Structure formats: C-alpha cells, structure tokens
Amino acid sequence: MKPVIVVHGGAWAIPDKIAEDSIRGVKNAILEGFKILENGGSALDAVERAVRSMEDNPVFDAGHGAVLNANGEVELDAVIMDGKTLAAGAVSSIRNISNPVTFARSVMEKTDHVMLTDRGANQYADSQGIPKVATEELITEDERKEWEHYQKYTDSVKTLFNSQLVHDTVGAVALDCNGNVACATSTGGIRNKMVGRVGDTPIIGSGGYADNHIGAVSCTGHGESIMKVTLARLILFHMEQGKSPEQATDEALQYMAERVNGAGGAIVISPDGNWAARFTTERMAWASIKEDTLSYGLNPKEMFNEKPFRIAS
C-alpha cells in the first residue's frame, strides 16, 4: 500500500497578507507528516505530526496563533482518531497547552474516556506532566489587535465568519503502508466566541472521523453548522453508498449549505488512497502527497503540483 496524506489550514476568507504563509505552512506540515509515512510509520503518528506542525505555526488558528474568546482568552479544542480500532481522543476548552492534538492522543491512549474538557482536562494534563505554556505565548500581537478591532462590531459570529476577521481550524488525514487511516483536527475556535463555547472540532463525527472500512475526514468551517449535519460522518455515509471522496464531500457540503446555510470544507481519504480537498468558503489552504507528487491549493478549483518534491533530512 502506497501511503497518502492530506492536510488543511482552515476554510475561511484567508486574506492576501497571509495567503503565502498559509500555503507554506500546509506544505511544511505535510512534509513533516509524510516523512513518518515514508519511513513505515503509522497514519496516526503522521496526522499528529502534521497537525502539531500547524499548531506551532502562528499563521494558523490552533495552538500558537489561536484566536481569542469574548473575554480575550485562549480556549483550544482537538480530536484524533484511529481508523483501525475506532479509538478516539478529544479535548475541549483547554488552556495553556500548545499542542492540543498530542493531549487528545493522550486521552485516547491513557484513559477510558474519549473526551475531557475545561478544568478536568487541565487537571489531567498536570497529572501526566504535559507541558504548559503561558497564555501570552499562544497569542500573537496581530491576534490581540484583531480581537480589539472586532470589539467594534455588533454582527454575530456567524455573520462575520465569511469576513477576514475570523480564522479557523487545521487538520490532517492519512493512509499508511499497512492500510490504516487516521484523522486529526485542532482549533482555537472562532474569534469572540462565548467563554466555554465548543465547536465541531472535538466532536466525533463532526470535526473528524476515521474508519478503515470507509475512510478518514477532517472538517473545517462554521462549527455550529458542521455539528448540525455531523459533516465528517455524513461525508463517509456518502462514500459508503459508493461515491468518490470528491463527490461525497461536495454533496455533504451542499447539503450543509442548503439545510443550515453553513459554509466550510473538508479533506478526505479513502482506503484505496483516493483523496479530496473541497470547500465552499472563499479559500482553504490545503496540501496532499500521493506517490511522487505534492499537490496544493488555496482558491476554488486550484491545484498546483510539485513533482518530484524533496523532504528535508
């Protein structure tokens, strides 16, 4: 089985000033993840590594670079899922942890639970010795300025989702040489969200899902809309009916738009290595590697290919 990996840096109205950095970020992330797959590593390790790369990159709304809630605080969510066993781990409303995806994996592998949230999650992090960072280390100067600028607006969070004031999620899906799939998704949520608000990202079947029998999905977009249609599982439902990853994703996104007026995107991979990166927002930074080709894009119906590509040692 030839390994395949796809990543996204969030579906939203990405402004020109960070467009190039967003593309560079997803390309760096996918190279990090593919390095693991190329060396015979697992899909689970690959998606975690790719998402960690984007959590560490302040251009994305996850970990470093996360947006602020209504009180000017950082609250982070993440999920990771193993398609071989359906094991999953998720965290929500956590603070002071720069790599929520790794924290979510700890919940999956070291507890009997699937999700931990808020105070209990942070207590568990302390018990496991998971490194914490000062909140200010996660907040960029640009985000603080944007948050202050946002306070002048009275529009709803959903209304502003399609503006350039609102960032979004990062995620990865992968297929390894043993035929196993996995997904991971991580976010700081939507700027100016209510304190304690949890979006789709950590919700199994909404922000992500992975099943070796069907495929793996990582979603991005307006979280409340995604939850209402359980977007990740809806895409896989269409694939169970025989549709390709691209057809399945397009139909699910169209349903979300028609049913709840929601916009978003998703990356998808099937057990045979077919993949899709589709979105209904203005832009979505994404990248994929299959065989000897690295593909990437930002705008609708855009795909650039690098063949061959080079992985730094």
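Relevant structure appears above.
(A) A look at the nonpolar core. Ile5, Val7, Ile30, Ile80, Phe103 and Ile289 are the most contacted members of the largest nonpolar core, which has 56 residues in total. Among the elements that line this core, the one with the most residues is helix H1 (residues 16-38), at nine residues. The residues touching isoleucine 80, leaving out its near neighbours within four places in the chain, are Leu44, Val47, Glu48, Ala87, Ala88, Gly89, Val101, Ala104, Arg105, Met108, Cys183 and Ala184. Core analysis: the second largest hydrophobic core is formed by 37 residues, Leu175, Val181, Ile267 and Trp275 among them.

(B) How the structure looks around empty space enclosed by the protein. As enumerated under the stated definition, the model contains two cavities of 30 Å³ or more in all. There is about 60 Å³ of room inside the largest cavity. As for the largest cavity, its lining consists of 12 residues, and the residues nearest its centre are Thr169, Thr187, Gly189, Arg197 and Asp200. Of the residues assigned to the lining of the largest cavity, the class counts are one nonpolar, seven polar and four charged.

(C) Up close: the environment of alanine 210. Topologically, alanine 210 is positioned in strand E7 (residues 208-211). Residue classification places alanine 210 among the buried residues on the basis of a relative accessible area of 0%. Along the sequence, alanine 210 and alanine 88 sit 122 residues apart, while their C-alpha atoms lie 9.0 Å from each other. Apart from the residues lying within four places of it in its own chain, the contact partners of alanine 210 are Met81, Asp82, Gly83, Leu86, Val181, Ala182, Cys183, Gly215 and Ala216.

(D) Looking closely at a nonpolar patch on the surface. A contiguous nonpolar patch, built from Val114, Met115 and Ile204 and spanning about 210 Å² of accessible area, is present on the exposed surface. Position of methionine 115 among the secondary structure elements: in strand E4 (residues 115-117). A relative accessible area of 34% means that methionine 115 is categorised as partly exposed.

(E) Fine view of the state of the cysteines. In this structure the tally under the stated criterion is zero disulfides. There is no disulfide at cysteine 183, and the cysteine sulfur nearest it, in cysteine 219, is 8.8 Å away. Given a relative accessible area of 1%, cysteine 183 falls into the buried group. Residue classification places cysteine 219 among the buried positions, given a relative accessible area of 0%.

(F) Molecular detail of the packing of helix H2 (residues 43-55) against helix H3 (residues 100-110). Following both chains from N to C, one finds H2 and H3 inclined at 145 degrees, their axes separated by 8 Å at the closest point. Here Leu44, Asp45, Glu48, Val51, Arg52 and Glu55 of H2 lie close against H3, whose contacting residues are Pro100, Val101, Thr102, Arg105, Met108 and Glu109. A per-class count over the contact of H2 with H3 returns five nonpolar, one polar and six charged.

(G) Just the packing of aromatic side chains, in detail. Going through the model one piece at a time under the given rule, you end up with three aromatic pairs. Ring geometry for tryptophan 275 and tryptophan 286: centres 5.5 Å apart, planes at 45 degrees, overall tilted. With tryptophan 275 in strand E10 (residues 275-279) and tryptophan 286 in strand E11 (residues 283-290), the pair connects residues that are 11 residues apart, well separated along the chain. Overall, the relative accessible area of 3% leaves tryptophan 286 in the buried class. Here tyrosine 296 and phenylalanine 304 contribute two aromatic rings whose centre-to-centre distance is 5.5 Å and whose plane-to-plane angle is 35 degrees, an arrangement assigned as tilted. Taking the relative accessible area as the measure of exposure, tyrosine 296 reaches 16% and is therefore buried. On the basis of relative accessible area, phenylalanine 304 is assigned to the partly exposed category, the value being 40%. Sitting above the plane of the tyrosine 296 ring, lysine 27 keeps its charged end 4.3 Å from the centroid.

The rules behind these values
- Residues numbered from 1 in each chain as written.
- Predicted model: local features only at pLDDT ≥ 70, side-chain atom pairs only at ≥ 80, totals over all residues.
- Heavy atoms only, no water.
- Core = buried A, V, L, I, M, F, W, Y, C linked by side-chain atoms within 4.5 Å.
- Buried < 20%, exposed > 50% of the residue type's maximum accessible area, 1.4 Å probe, protein only.
- Helix = DSSP H or I, 4+ residues; strand = E, 2+ residues; numbered from the N terminus.
- Contact = heavy atoms within 4.5 Å.
- 1 Å grid on protein atoms, 1.4 Å probe; cavity = no way out; pocket = protein on both sides within 12 Å on 5 of 7 lines; lining within 4 Å.
- Points joined across faces, edges and corners; volume = space filled by probe spheres on them.
- Nonpolar A, V, L, I, M, F, W, Y, C, P; charged D, E, K, R; others polar.
- Patch = residues over 30% accessible without salt bridge, like charges linked within 9 Å, V, L, I, M, F, W, Y side chains within 5 Å.
- Areas by Shrake-Rupley, 256 points an atom, 1.4 Å probe, with all protein chains shown as cover.
- Salt bridge = Lys/Arg side-chain N within 4 Å of Asp/Glu carboxyl O.
- Disulfide = S-S within 2.5 Å.
- Axes fitted to C-alpha atoms, helices over the stretch in contact; angles between N-to-C directions.
- Phe/Tyr/Trp six-rings, centres within 6.5 Å; stacked < 30°, edge-to-face > 60°.
- Lys NZ or Arg CZ within 6 Å of the ring centre and 35° of its normal.

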